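# Examination of the molecular architecture
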Amino acid sequence: METSEATKAPTYDYEPVAEARGVAVHYGGIKAVDGVSLGLRPGNISGILGPNGSGKTTLLGALTRMVELTRGSVWCQGQDYSDVKSDRVITLGISRTFQTVRLLPERTVWDNIILSTDVVFKREGDKVEGLVKEAIARTGLEGLEKARPDELSYGMQRRVEIARAIAVQPRLLFLDEPTAGMSRKERTDISALMRNLRSEGLTQLIVEHDVGMMVETCDYLYAMNFGSLIAEGTPQDVVRNAAVQEAYLGKHGRHDA
Amino acid sequence: MYRSKKHRLGVAAVGLSAVLTLAACSSGDSEDTAATAEATEEVVVEESAAEEDTTQEEAEAAEETCVLPPGDIKVVSIDSMTGPAAFAGILTEEGADLALKEINASGLLGDGVTMSIELLDDGTSGDEAAAQFSKAAKDPDVPVIMGPILSSAAVVTSPIAEKEQVPVIYTQAGSPGVVIGDYTFRYTPSMDTYWGSVGSYIEEKGIKTMSVLYANDNATLINTAENAVPALAADLGFEILSSTGLPSSTQDFKAPISKILKEDPDAVAIMMVGAQNATVISQMRESGWESPKELLGFAGIENNLADIGEAAKGLTWASIFHVDSPSESTQKFVAAVKAEYGVDAANYHAERYDATYLVANSILAACSTDRQAIRDAMADLTNGSISGALGDVSFENQDARVSGFVVQWDGEKMVVLK
Amino acid sequence: MVQDLLNATTLASIYILFALGMSLVWGTIGILNFAHGSIFMFSAFVAYLVVQQIPLGMPAVVAIAMVSGALIAVAMQYLVFQPIMKKAKNPHAGELQLVIGGIGLSAIPISFAQRSTLSNPFGFSGGSFETQVYTIGGVIITNVMIIILIAGLGLGVGTALWIRNSKKGLALRALGVDPEVSAMMGIDRPKLALATMLYSGALAGLAGALLTYYFNSITSESGDTLLLKAFAVIILGGVGSIFGVILGSFILAFAEFGVLLYTDGSWVTAVSFGLLFLILIIRPQGILGKKEVRRT
């Protein structure tokens, strides 16, 4: 990994929960992410908007150490965690969901949620069950503890993923297309859930290409295309940005999936 | 059994005085000596003048004295020094080394003429052996090749030998399709030709029914089980109740044993590979297979019995080599192996020891390192009977034949029954 | 008939003992360990070398083999598999390199034992253990069979229940299904991998010692034969399923036993591998296996 001038600490008028400094992820000749810097506002729901292939999910991978950085660094609470292995990221208070449902199919909802909680709180074993119950309550999954994921609707499966991610009491939650493939009702419910979590003080970063949902849910928006940030600001500002409109309407059309 | 022509080979023992006194032309063996004296193409290796009748031989030999140009005659040996067949390959090459040492020490090939072996390890791979053989056969400087011991390799290398017209002498390589023409020779009698020597034991025990268990992916064992056993059955009038071929990867034999127990034969003939033999026999015993029920084996099975010892007691088979063989030439060889390696001689030692002498004597008889001349001399020498480490060996179409003798496992080792 | 069922069940228990560790490693930390057979063989070989010097009884021989197996497996994981995983660009490239690494590794102990034994069979005849034969109602059973049945069925069911019901078992299962997500859950893969390899190696050692007692002698290549059978067992039952190992072992053992009992034996390989192909065609995930979880 090279360091570059972009790695120099930028200044924010707030203390970011997590930061990307000049992050680049290249696969051979493909520049999936190419020099992105951002600092997440505490207590906010931030969103990254961008068409498919714009590099949003890869950036999330970089921030959760699932993909190798080609350049740049990632920071959390003033600490450079670029060399931290992905299985230690959760101990930094960073938790995430995935673009597709990735649950243990043959295990119960309870088992799926307790998995990470048990690992993170193994020294305080008596807390674990309480945390799982709490996460189940916050995501409205009561009564489904013994169900297996394939017995649940898609929307419910996504809730299990969110429950699994928040049961470990993270400081920061990454959500990768949390409402993709959902019905309108399910989207509204998930959006409400995220705002509830914000009111409880949880910082969140959502990656999406559904503009409407993002405008409705997020406090702050970034827009990406071709691996770079093309705009950032309030949702209204970003949506009106010419470059963003070009990226969405000019080339790909709206809501491409 | 003896042919009119009798070649005395493999008796050079200069430098091994203990062996010398056992030399096959000692006065006690008058029949042998007479036959030797009559032979016209006599090849005499004996350098000792200690005994009076050797002078006559020396005189005859002198008439045919051949002078080879001084130097080293290098023959190629392809053998399995590593891999699963290494247990045989290593002993085989020890036999060759012992013979070479004697040949060179005795000056058998003449003043300043030595013989050496370029050893190529095929790693118990038929493909590797075939590739090495092909290369050696195409090298005109290689006068003769000692072939691979693997049957699977030999059936491939023999056609190459015939095509390239290079004489090859095999030991082991006991399957059909190995001795196929003018250039291929084999010094190990194939098992199917002597397995039936156990017949005297079968008759003595009054065995009327037999079941056979054999490895169905081992050419030698297949040939013995499918040809030699039925031939003996027809000859002696016993019935084969079943003949079960199993892959040599089989590890548990409870199922075939269960089947055989239901057939209730008088004897079971076992012809499996390596550790399988120990497993079959111990599982037979655990299933209650005891005397007067009989177990028959095959030559070489003694190498697999160490771990079951007592359980294999009474296992009987026909062998072609035993350290207690009454043959004088065998006893001389056994003593030489003991002196050189400190171990009891094995059949692998004996076969290659004799084969190495055959190569040296063929070169001497041909008085040339020309492939064709060596082949002709070898064909001529194997036209009769040769006495050596294996005792008296005759040849049928360049393929060795011996009459086996009955041996039995006594719980610790194999002993000669007759 | 009872005798045949008992013998076939013993064979199934042997397959369970051998395949259990291999399946666990494959289904959880994603290493298809082609060196499992040589760990099995070499553990028995180490015990054989010791027994040649000191006439030990079965418990000591089994303990030596298990410790040897565990040590070899951990060494392999530490020195070879872990570095391969670390360097692999992506999980799929890593899998292939692990297989090749395992094949290469397996040659080392095999060559060593071949050279040392001159490829002759070896066993524990130098030890003090004696096989006892009991006849109960006309059915013959040996003390070795009893131990194999208890160890095979006990460890098989025990391990399956442990994976199903314990937190560590849950973590291992998660690793097997989705290593990326497991990492995000904070599961320490290298540590679990080492522990799994240790357990798998000890199981291989146990299998090596017990099978050598059962068959009376084995050869340097015996592990390779069992490796193929274990492969069939795991595919039959389903990769990642420990109950699948038990089921697969019973199917293979009873199929082989039946074929040997009612035919002349030449069909045994064809039938067992025919079963394997049949499963691969009609139910590629194995009888108890789960469909491949979609990964992005």
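Conventions used here
- Residues numbered from 1 in each chain as written.
- Chains lettered and ligands numbered in written order.
- Predicted model: local features only at pLDDT ≥ 70, side-chain atom pairs only at ≥ 80, totals over all residues.
- Helix = DSSP H or I, 4+ residues; strand = E, 2+ residues; numbered from the N terminus.
- Buried ≥ 20, exposed ≤ 12 C-beta atoms within 10 Å, placed from the backbone.
- Contact = placed C-beta atoms within 7 Å.
- Nonpolar A, V, L, I, M, F, W, Y, C, P; charged D, E, K, R; others polar.
- Core = buried A, V, L, I, M, F, W, Y, C linked by C-beta atoms within 7 Å.
- Pairing = 2+ DSSP bridges.
- Axes fitted to C-alpha atoms, helices over the stretch in contact; angles between N-to-C directions.
- Parallel < 35°, antiparallel > 145°, perpendicular 65-115°, else oblique.
- Left-handed = near helix turned anticlockwise from the far one by under 90°.
- pLDDT = per-residue confidence, 0-100.
- Expected span 1.5 Å × (residues − 1).
- Right-handed = clockwise from strand over helix to strand, strands pointing away.

### Concerning the overall build of chain C
Looking only at helices and strands, chain C features eleven helices and two strands. The N-to-C order of helical and strand elements in chain C reads α-α-α-α-β-β-α-α-α-α-α-α-α. On the principal axes, the C-alpha backbone points of chain C span a range of 60 × 45 × 35 Å. Among the 296 residues that make up chain C, the fraction classed as buried is 55%.

### Observations regarding helix H2 (residues 109-120) of chain A
Counted residue by residue, H2(A) has eleven buried out of twelve residues, so it is predominantly covered. Among all positions in H2(A), only Val109(A), Asp111(A), Asn112(A), Ile113(A), Ile114(A), Leu115(A), Ser116(A), Thr117(A), Asp118(A), Val119(A) and Val120(A) are buried. In the core, the buried residues of H2(A) are packed alongside helix H3 (125-138) and helix H4 (154-166) of chain A together with helix H6 (167-177) of chain C.

### Thoughts on the interface of chain A and chain C
Contacts between chain A and chain C engage 22 residues on the former and 20 residues on the latter. Tallied by class, the residues present in the side of chain A that touches chain C amount to nine nonpolar, six polar and seven charged.

### Here we look at the interface of chain C and chain B
Chain C puts 33 residues into the contact, and the matching count from chain B is 34 residues. Counting residues per element, the ones that place at least two in the side of chain C that touches chain B are helix H1 (2-28), helix H4 (91-117), strand S2 (139-142), helix H9 (222-237), helix H10 (242-262) and helix H11 (268-282) of chain C. Looking at which element gives the most residues to the side of chain C that touches chain B, the answer is H1(C), with four residues. Residue composition of the side of chain C that touches chain B, by class: twelve nonpolar, 18 polar and three charged.

### Observations concerning the arrangement of the chains
With two pairs of chains in contact overall, the greatest share of contacts is found between chains B and C. With respect to C-alpha atoms, chain A approaches chain B no nearer than 36 Å, and the pair has no contact.

### Some remarks on the nonpolar core
Core analysis: the biggest nonpolar cluster contains 294 residues, and Ile145(B), Tyr15(C), Leu17(C) and Leu206(C) have the highest contact counts within it. Considering every element that reaches this core, the biggest residue donor is H1(C), with 14 residues. Those residues in contact with Leu206(C), other than ones at most four positions away along the chain, are Leu17(C), Val62(C), Ala65(C), Met66(C) and Ala151(C).

### A look at the pairing of strand S13 (residues 391-396) of chain B
Residues and elements named next belong to chain B. Relative to S13, strand S12 (residues 385-388) runs antiparallel, the two being bridged by three bridges. Across the sheet, the residue bridging to Ile386 is Val393, located in S13. Two successive antiparallel strands, S12 and S13, enclose a turn made up of two residues. Relative to strand S14 (residues 399-401), S13 runs antiparallel, the two being bridged by three bridges. Paired with Glu396 across the strands is Asp399, a residue of S14. Count of turn residues in the S13/S14 antiparallel hairpin: two residues, of which Asn397 carries a positive phi of about 50°.

### Examining the sheet that holds strand S8 (residues 203-208) of chain A
All names here are of chain A. With mixed pairing, the six strands of this open sheet are ordered in space as S6-S7-S8-S3-S9-S10. For this open sheet the edge positions go to strand S6 (94-96) and strand S10 (228-233), each flanked by a neighbour on one side alone. The mean inter-strand angle of the sheet, taken between neighbouring strand axes irrespective of direction, is 20°.

### Focus on the packing of helix H2 (residues 36-53) of chain C against helix H3 (residues 58-87) of chain C
Residue and element names in this part refer to chain C. Where H2 contacts H3, the axes come no closer than 8 Å and their chain directions differ by 135°. Taken together, H2 and H3 sit at an angle that is classed as oblique. Between H2 and H3 the crossing geometry is right-handed. For the pair formed by H2 and H3, the contact residues are Ile39, Phe42, Ser43, Ala44, Val46, Ala47, Val50 and Val51 on the first element and Val61, Ile64, Ala65, Ser68, Gly69, Ile72 and Ala73 on the second. Its residues assigned to classes, the contact of H2 with H3 shows twelve nonpolar, three polar and no charged.

### Some remarks on the sheet that holds strand S1 (residues 18-27) of chain A
Residues and elements named next belong to chain A. Reading across the sheet, the four strands line up as S2-S1-S4-S5 and stay open at both edges, with antiparallel pairing between neighbours. One side of each edge strand has no neighbouring strand; the edge strands of this open sheet are strand S2 (30-39) and strand S5 (79-80). Across two bridges, the pairing between strand S4 (residues 71-76) and S5 is antiparallel. When the sheet's bridge partners are listed, Trp75 is paired in S5 with Asp80. Helix H1 (residues 56-63) rests against S1, S2 and S4 of the sheet, and its axis sits at about 115° to S1.

### Side note on the confidence of the model for chain B
For chain B, the mean per-residue pLDDT works out to 85, and 84% of the residues sit at or above 70. This model gives residues 1-63 of chain B a pLDDT under 50, and the stretch forms 118 contacts once residues within four places in sequence are excluded.

### Overview of H4(A)
Between its first and last C-alpha, H4(A) extends 19 Å over 13 residues, near the 18 Å set by a 1.5 Å rise per residue. Within the sequence span of H4(A), burial applies to Arg158(A), Arg159(A), Val160(A), Glu161(A), Ile162(A), Ala163(A), Arg164(A), Ala165(A) and Ile166(A).

### Observations regarding the pairing of S8(A)
All names here are of chain A. Burial of S8 is extensive: six of the six residues sit out of reach of the surface. Residues Thr203, Leu205 and Val207 point to one face of S8 and Gln204, Ile206 and Glu208 to the other, with burial holding for every one of them. In this sheet, S8 lies alongside strand S3 (residues 45-49) in parallel orientation, the contact comprising five bridges. Across the sheet, residue Ile45 finds its bridge partner in S8, namely Gln204. Where strand S7 (residues 172-176) meets S8, five bridges bridge the pair, whose relative direction is parallel. Across the sheet, the residue bridging to Leu175 is Ile206, located in S8. In this fold, the crossover linking S7 to S8 by way of helix H5 (residues 184-199) has right-handed handedness.

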